[in-house]
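Spelled out from the first residue to the last, the chains are:
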Amino acid sequence: MQCPVHDDAKAFPMHTFPIDRTYLLLPVRTGDPKLRVALDVAGRTVREFDIEFAAEAAQFEAVLDVSAYAGQEGTLRVVGGDDPGLAVVRLSDELPDAGGVYREAQRPQFHFTAPANWINDPNGLIYHDGEYHLFYQYNPQSRNAHWDDRPVHSASWGHAVSRDLVHWEHLPVTPIRSGSGSGIVDRGNTAGFGEGDEDVFIVFWAGSLSYSRDRGRTWKHYEGNPFLPRHADPFVFRHEPTKQWILVSFIHPDRPDDFLFYRSNDLRNWTLTNQYKGKLHECPAVFEIPIEGEKPRKWIFHSGNGEYLIGDFDGKEFHEEAGKFRMDYGMFYASQCWHGTPPGDERIIHIAWMHGGRFPADMPFNQQLTFPCEFTLRRLPEGLRLCRQPVREIARLYDKVVVARDDAELKPEGDLLKGVEGDLFDIECDIEMRQATAVKLTIRGETVRYDRSKANLHCGPREAPLKLRDDRLRLRVLVDRASIEVFADQGQVAITHSFLPNPKNRALALNVAGGAALVRRIRVNSLRSAWR
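Below, the structure is looked at part by part.

1. Points about the packing of aromatic side chains
Given two aromatic rings, one states the distance between the centres and the angle between the planes to describe the pair. Tallied over the entire structure, the rule returns 33 aromatic pairs. Between F204 and F227, the ring centres sit 6.5 Å apart and the planes meet at 90°, which makes this aromatic pair edge-to-face. With F204 in strand β14 (residues 200-205) and F227 in the loop between β16 (220-221) and β17 (231-239), the pair connects residues that are 23 residues apart, well separated along the chain. The same class applies to F204 and to F227, which are both buried. Plain terms: the ring middles of Y333 and W353 are 6.4 Å apart, the flat faces sit at 90° to each other, and that makes the pair edge-to-face. With Y333 in strand β25 (residues 333-337) and W353 in strand β26 (residues 348-353), this residue pair connects regions lying 20 residues apart in the sequence. Side by side, Y333 and W353 carry an identical accessibility label, which is buried. In this structure, R238 is placed above the aromatic ring of W245, and the distance from its NZ or CZ to the ring centre is 5.0 Å. Between R268 and the ring centre of F193, over which it is positioned, the NZ or CZ distance is 4.0 Å.

Structure follows, in structure tokens:
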């Protein structure tokens, strides 16, 4: 189909043009030959990327955010090839087909995606003055993973804010061009990047830092960058007992499993205090958490794939006591917690990249994040374990109670969800197994299945060990258009799964095998879109 043209869009007849609008829109048709295209500003190449450029009959438009170069002159050129008709590229202050964005058939409706293009790791998560700030790895020039757009590495930090962790407002892409990192609020301007005692946002990336004095809307790079050359994925947090800032990182690309701990008083000068080797890989994070229902607190040290250790941290060294364990058995990577929460709210809230999902080439976006979850540290019969549950704010999306049953017998020939159809749900169930050997929840053709004999929980092709308490299967399942997130036994076990169902199949089903079970409680809430 032809891409719509907005009244505010401006096509330029030449390849050199004034950058006076937010987005550069490039027509794409899947299957057309790939071109390498470069954008030059002020005499230097600021973007270079591959694109299946369509001079006519485009399927959709790729979006390049050029707001960082506003007021300057840009030149678009083909690298090492002939011009296929770049004059059809447009500038606009609106996203292409803005009325249809977030209404696409495979678009997640309550899991975060960018309006267009590739995203991956969440970065620099900050809460401040009523706003949750979500920064994330973003490719502003294509649907490709940014590490595939070479020789120029196009990783950028995208930015969105929310007041409730459910509804998000997109802000301009930041000037940070880097891989993963973290963020803090320097309350009272102790590091001196601001003026007086104002609060300053500081984000850390690739052994460097940037700071903002206006709630993340504009950024400046520290003149001392990089203060830790070759360091990747820096995670910074405050250790109150020693009144020190702590930074955890690794040397890229040589030693992604060896984490270095640094301390600082001023966020500028860092002293190496310790090195941790061996059990974790990339994207480190360290935080303190109370044991549920007890006074003691423990420290969690986790890495990109969701594996974690439990122990103590004295300001210099992490003292491992238990682990490693897994917080998720599915498509889950680069989890990070928000720095700060609203007054009186002591939850530890995190989000991750739902890595490995595949979306059709005619969708303008690529990849999604998990739904925000709360961490709790629970004492189970086998010891302390980190558990995850969706944040309570999801109730803001509740539309209708589709199913509400208590103490319902379910036989092998029965289906407790017969006739239920849809694509957005929050499902909770508590099932006493009794004679049943298996329980199967079918969601638009994909299955969540518990096998009693093997004590395994499955979601699609993924599985996790799960020993039932009191012979009862307790599940919480979030269903979006392109994902299923399963939380068992109050989040003791979780499986994140991305899938693309047949659009004609919208049915749910709940069945058992081997004998009857008793469904103590089941609630199925349909959900509204977070984008409408």
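2. Here's the deal with the pairing of strand β35 (residues 462-465)
In the sheet, strand β34 (residues 456-459) pairs with β35 via 4 bridges, with the strands oriented antiparallel. Paired with L457 across the bridge in β35 is A464. In textbook terms, the turn of a hairpin is the stretch between consecutive antiparallel strands, and for β34 and β35 this stretch comprises 2 residues, one of which, G460, has a positive phi near 60°.

3. Description of the sheet that holds β25
Strand order in the open sheet made by the 4 strands is β25-β26-β28-β29, with antiparallel pairing throughout. In this open sheet, the two edge strands, each paired with only one partner strand, are β25 and β29 (383-390). Across the sheet, the mean angle from the axis of one strand to that of its neighbour is 40°, orientation sign disregarded. Note that β26 and strand β28 (residues 373-380) share 3 bridges and pair antiparallel. Paired with I349 across the two strands is E374, which belongs to β28.

4. Brief notes about the sheet that holds strand β40 (residues 517-527)
Read from one edge to the other, the open sheet built from 6 strands follows the order β30-β40-β31-β36-β37-β38, with strand pairing classed as antiparallel. In the strand order of this sheet, the two ends are held by β30 (398-410) and β38 (493-498), each with one partner. Along the sheet, successive strands turn relative to each other by an average axial angle of 10°, direction set aside. Summarising the sheet, strand β31 (residues 425-432) and β40 pair through 8 bridges and their orientation is antiparallel. Counterpart to I431 in the pairing with β40 is V519.

5. Some thoughts on the pattern of salt bridges
When the charged atoms of two side chains lie near each other, side chains of opposite charge can form a pair. Counted by the stated rule, this structure contains 33 salt bridges. Between E294 and R379 there is a salt bridge, and its shortest N-O distance comes to 2.8 Å. Taken together, the residues E294 in the loop between β21 (285-290) and β22 (297-302) and R379 in strand β28 connect sequence positions 85 residues apart. According to the relative accessible area criterion, E294 is partly exposed, its value standing at 31%. When the shortest N-O distance is used, the salt bridge between K298 and E321 registers 2.9 Å. Of the two residues, K298 is situated in strand β22 and E321 in strand β24 (residues 318-326); the sequence distance between them amounts to 23 residues. Taking the relative accessible area as the measure of exposure, E321 reaches 47% and is therefore partly exposed. By sharing partners, the salt bridges in this structure join D345, R347, R392 and E393 into a single network.

6. What about the pairing of strand β20 (residues 271-277)?
Where strand β19 (residues 255-264) lies against β20, 6 bridges are found, and the strand directions are antiparallel. Residue R263 lies in a different strand from β20, and its bridge partner there is T271. Counting the residues that bridge the hairpin from β19 to β20 gives 6 residues, and of these L267 lies at a positive phi of roughly 70°.

7. Describing the environment of G183
In this fold, G183 is placed in strand β13 (residues 181-186). The class of G183 is buried, set by a relative accessible area of 6%. Between the alpha carbons of G183 and Y211 there is a distance of 9.5 Å; along the sequence they are 28 residues apart. Ignoring anything within four residues of it in the chain, the contact list for G183 reads G124, L125, I126, I202, V203 and H339.

8. A closer look at the nonpolar core
Core analysis: the largest hydrophobic core is formed by 39 residues, its most contacted members being F110, F112, L134, W168 and W338. Within the residue set of this core, elements represented by two or more residues are β9 (117-128), β10 (131-139), β25 and β26. Excluding residues that lie within four positions of it along the chain, F110 makes contacts with F371, I394, L397, L424, F425, L478, V479, D480, L527 and A530. Listed in part, the 38 residues of the second largest apolar core include F425, L466, L475 and A517.

9. Considerations on unusual backbone geometry
Cis geometry is adopted by the peptide bond preceding P226, which originates at N225 and carries an omega value of -10°. Structurally, P226 can be placed in the loop between β16 and β17. For the bond from G323 to K324, the omega torsion is 15°, close enough to zero to count as cis. Looking at where K324 falls in the secondary structure, it is placed in strand β24. The backbone of N117 shows a phi angle near 80°, a positive value even though the residue is not glycine. Judged by its relative accessible area of 1%, N117 falls in the buried class. Even without a glycine there, the phi angle at R230 is positive, about 70°. Mapped onto the elements of the fold, R230 is located in the loop between β16 and β17.

Cut-off values and rules
Residues numbered from 1 in each chain as written. Predicted model: local features only at pLDDT ≥ 70, side-chain atom pairs only at ≥ 80, totals over all residues. Heavy atoms only, no water. Phe/Tyr/Trp six-rings, centres within 6.5 Å; stacked < 30°, edge-to-face > 60°. Helix = DSSP H or I, 4+ residues; strand = E, 2+ residues; numbered from the N terminus. Buried < 20%, exposed > 50% of the residue type's maximum accessible area, 1.4 Å probe, protein only. Lys NZ or Arg CZ within 6 Å of the ring centre and 35° of its normal. Pairing = 2+ DSSP bridges. Axes fitted to C-alpha atoms, helices over the stretch in contact; angles between N-to-C directions. Salt bridge = Lys/Arg side-chain N within 4 Å of Asp/Glu carboxyl O. Contact = heavy atoms within 4.5 Å. Core = buried A, V, L, I, M, F, W, Y, C linked by side-chain atoms within 4.5 Å.

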